[in-house]
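# Report on the structure
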Amino acid sequence: MRAIVVTDQAAGNAGMRQAGRPQPQAAINDVVVQVHASGFVGTELSWPSTWTDRLDRDRTPSIPGHELAGVVTALGYGTTGLSVGQRVFGLADWYRDGTLAEYVAIEARNLAPLPGDVEFTVGASLPISGLTAWQGLFVHGRLQAGQSVLAHGAAGAVGSMVAQLAREVGAYVIGTGRAADRQKALEFGAKEFVDLDNDALEDVGGVDLVFDLIGGDIGKRSARLVRSGGTLVSIVGPAEARPAKGLAVDFVVESDRAQLSEIVQRVRDGRLRTNIGNITTLDDAIAAFKPTKRISGKTIIRVRP
Ligand SMILES: NC(=O)c1ccc[n+]([C@@H]2O[C@H](COP(=O)([O-])OP(=O)(O)OC[C@H]3O[C@@H](n4cnc5c(N)ncnc54)[C@H](OP(=O)(O)O)[C@@H]3O)[C@@H](O)[C@H]2O)c1
């Protein structure tokens, strides 16, 4: 099968190449999926899991990409709940070969059915950004109606999902980002926008939940904005500063079939809009990962025309 592989951690994106790889076999509880569309997160090549297995052994050449939408072609021993020919989408294991390939072997529990009226490219754009926003807001952040949320990077992949899901439950959303992102962040559900390059973040006052996907100085300053009893949720590692009278939680997104189904249902009925910045092909993907101009939103790879 055709795949994109990486072999050289130091080379970053420059070390990506297209290669022929053996078609994967379905292990116990796996399915094999013919990938129709795949998602790639720009920071993946800095994650240890791209390069090693769980015992820290080198697993290169490895195939990056962890989001997919496609069709089940084979079931492993003991696999239940999905069937051959079914449309699915989901989040592939960090430590196994990923989805920038024509086929991927993946545990069935990491997938949910993809309804027939949702395009594969849309399905592949939802797992990481949608699940991360859902888990950060509702599982780790325990967000309630009437609370306020500071949604960093609200025009980006995760932030746009955070803004929409928070608004849907009746939270007041303050989005942040670059000056050029203001309109997009407001369209995704923010009531106010802070241009991090030009506005004073401290003018926000207090919030119940900070959703941090930037970290560094912005993360530290954001911790001070968390009200008593509130939560700083970070997806960029442990918070460097904790709220004085609140919680700090950092987490890595996990696949969850029920949450994937909640997310895709919202896309179908118009409560949630995906945020795709660019759709490319497997042949053009490597060039698309090094854009010459700034792209806001996810890059999705249409693996099967
Ligand atoms: N822990 C987890 O499970 C998890 C899951 C998903 C993502 N992540 C991480 O979360 C981060 C965001 O992911 P994403 O997919 O949402 O990325 P994205 O689509 O690039 O969105 C990030 C947004 O934040 C903006 N931004 C970043 N730094 C900024 C700054 N200093 N000032 C103003 N705006 C800034 C970006 O603008 P510019 O592009 O102009 O900088 C962009 O609009 C990444 O580091 C990713 O690895 C973690």
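Here the structure is a predicted model, which is why all the values come from computation and not from measurement. (Residues numbered from 1 in each chain as written. Predicted model: local features only at pLDDT ≥ 70, side-chain atom pairs only at ≥ 80, totals over all residues. Heavy atoms only, no water.)

## Details of the overall build of the chain
Applicable threshold: Every helix listed is a DSSP run of H or I at least four residues long, and every strand listed is a run of E at least two residues long, numbered separately from the N terminus. Radius of gyration here uses only the C-alpha atoms, and the compact-globule reference equals 2.2 Å multiplied by the residue count raised to the power 0.38. Exposed residues in this analysis have more than 50% of their type's maximum accessible area, buried residues have under 20%, and partly exposed residues fall in between, with area computed by a 1.4 Å probe over protein chains only. Any two residues having at least one pair of non-hydrogen atoms within 4.5 Å are treated as being in contact.
Along the backbone of the chain there are seven helices and 15 strands. A compact globule built from 305 residues should have a C-alpha radius of gyration of about 19 Å, and the chain, at 19 Å, falls within 12% of that. Reported as C-alpha extents along the three principal axes, the dimensions of the chain are approximately 55 × 40 × 35 Å. Counting all 305 residues of the chain, 52% fall into the buried class. Once local pairs closer than 6 in sequence are excluded, the contacts in the chain between residues at least 24 apart make up 65%.

## Description of the sheet that holds strand β10 (residues 192–195)
The line we're drawing: The pairing criterion for strands is at least two bridges between them, as found by DSSP. Note on definitions: angles span 0 to 180 degrees between N-to-C directions of axes, and those axes are lines fitted to C-alpha atoms, for helices only across the stretch in contact.
As summarised here, the arrangement of the six strands in space is β10-β9-β8-β11-β12-β13, forming an open sheet in which the pairing is parallel. The outermost strands of the open sheet, each flanked by one partner alone, are β10 and β13 (247–250). Neighbouring strand axes in the sheet, compared pairwise and without regard to direction, differ in orientation by 15 degrees on average. Bridge count for strand β8 (residues 148–151) against strand β9 (residues 172–177) is four bridges, and the pairing is parallel. What sits directly across from Ala151, in β9, is Gly175. Helix α2 (residues 127–140) contacts β8, β11 (207–212), β12 (226–234) and β13 of the sheet and is inclined by roughly 150 degrees relative to β11.

## As for the domain arrangement of the chain
Short version of the rule: What counts as a domain boundary in this text is fixed by an automatic or database domain assignment. In short, buried area is how much 1.4 Å probe accessible area vanishes from two parts on joining, totalled over both. Here, a salt bridge means any Lys or Arg side-chain nitrogen found within 4 Å of an Asp or Glu carboxyl oxygen. Any pair of nitrogen or oxygen atoms within 3.5 Å is treated as a polar contact; in protein, a donor-acceptor pairing is required on top of that, and neighbouring residues in sequence qualify only through side-chain atoms on both sides. Only Asp, Glu, Lys and Arg are considered charged in this grouping, and only Ala, Val, Leu, Ile, Met, Phe, Trp, Tyr, Cys and Pro are considered nonpolar; every other residue, Gly among them, is considered polar.
Taken domain by domain, the chain holds domain 1 (2–125 + 275–302) and domain 2 (128–250). With eleven residues of domain 1 at the interface, the matching set in domain 2 holds 13 residues. When domain 1 packs against domain 2, close to 790 Å² is buried across both sides, 52% of that on carbon and sulfur atoms. The largest contributions to the domain 1 side of the interface with domain 2 come from Asn275, Arg294 and Ser296, which together make up 54% of the buried area. Applying the counting criterion to the domain 1 and domain 2 interface returns one salt bridge. Across the pair Asp181 and Arg294 runs a salt bridge, and its minimum N-O distance is 2.9 Å. Put simply, domain 1 and domain 2 have nine residue pairs in polar contact (both at pLDDT 80 or more) between them. The class makeup of the residues in the side of domain 1 that touches domain 2 is three nonpolar, five polar and three charged.

## What to know about the site of the ligand
Which entries qualify depends on this criterion: Residues are labelled near a given molecule or strand when at least one of their non-hydrogen atoms is within 4 Å of it. Surface accessibility in these figures is a Shrake-Rupley result with a 1.4 Å probe; residues are shielded only by whichever protein chains are displayed.
Taken together, 19 residues lie near the ligand, and Thr43, Ala157, Arg178, Val253 and Arg294 sit nearest. For the ligand, the protein covers 75% of the area, taking 910 Å² as the surface of the free molecule. Mapped by element, the contributors of at least two residues to the shell around the ligand are α2 and α3 (157–168).

## Brief notes about the packing of aromatic side chains
Operational definition: Classification of ring pairs rests on two measures: the distance between centres of Phe, Tyr or Trp rings, Trp counted by its six-membered ring, which must be within 6.5 Å, and the angle between planes, read as stacked under 30 degrees, edge-to-face over 60 and tilted in between. By the criterion adopted, a ring carries a charge over it if an Arg CZ or a Lys NZ lies within 6 Å of its centre and within 35 degrees of its normal.
Per the counting criterion, the structure on display carries three aromatic pairs. A cation over a ring is seen here: Arg87 above Phe120, with NZ or CZ 4.2 Å from the ring centre.

## Describing the pairing of strand β15 (residues 298–302)
On a regular strand, each side chain points to the face opposite its neighbour's, so the side chains alternate between the two faces of the sheet. The element β15 is extensively covered by neighbouring structure, given that four of its five residues are classed as buried. In this sheet, β15 lies alongside strand β3 (residues 30–39) in antiparallel orientation, the contact comprising three bridges. Along β15, the bridge assignment pairs Ala37 with Arg302. Bridge count between strand β14 (residues 276–281) and β15: five bridges; the pairing is parallel. What sits directly across from Asn278, in β15, is Thr299.

## What about helix α6 (residues 257–268)?
Quick reminder of the rule: By definition here, a helix of n residues has an expected span of 1.5 Å times n minus one.
For α6, spanning twelve residues, the distance from its first C-alpha to its last is 16 Å, which sits close to the expected 16 Å at 1.5 Å a residue. Where α6 is buried, its residues meet β5 (87–91), β7 (111–113), α1 (120–125), α2 and α3. The backbone nitrogen of Ala258 lies 3.1 Å from a side-chain oxygen of the residue at the head of α6, namely Asp256. Once α6 finishes, Gly270 follows within two positions and takes phi at roughly 90 degrees, a positive value.

## Brief notes about helix α5 (residues 216–223)
Just so we agree on the cut-off: Regarding the arc, it is the one traced by the directions from the helix axis to the C-beta atoms.
Listed in full, the buried residues belonging to α5 are Ile218, Gly219, Ser222 and Ala223. In a view along the axis of α5, the buried residues occupy a sector of 135 degrees, so they form one face of it. Turning to α5, the residues buried within the fold contact β8, β11 and β12.

## Focus on the side chain of Ser125
Tracing the backbone shows Ser125 in helix α1. Here Thr274 takes part through its side chain, which lies 2.5 Å from a polar atom of the side chain of Ser125. The residues touching Ser125, leaving out its near neighbours within four places in the chain, are Glu67, Thr274, Ile276, Lys298 and Ile300.

## Description of the environment of Val5
In this structure, Val5 sits in strand β1 (residues 2–6). A relative accessible area of 1% places Val5 in the buried class. Sequence-wise, Val5 and Leu75 are 70 residues apart; in three dimensions their C-alpha atoms are separated by 25 Å. Here Val5 is in contact with Gly15, Met16, Arg17, Ala19, Arg21, Pro61, Ser62, Ile63 and Pro64, once residues within four sequence places are set aside.

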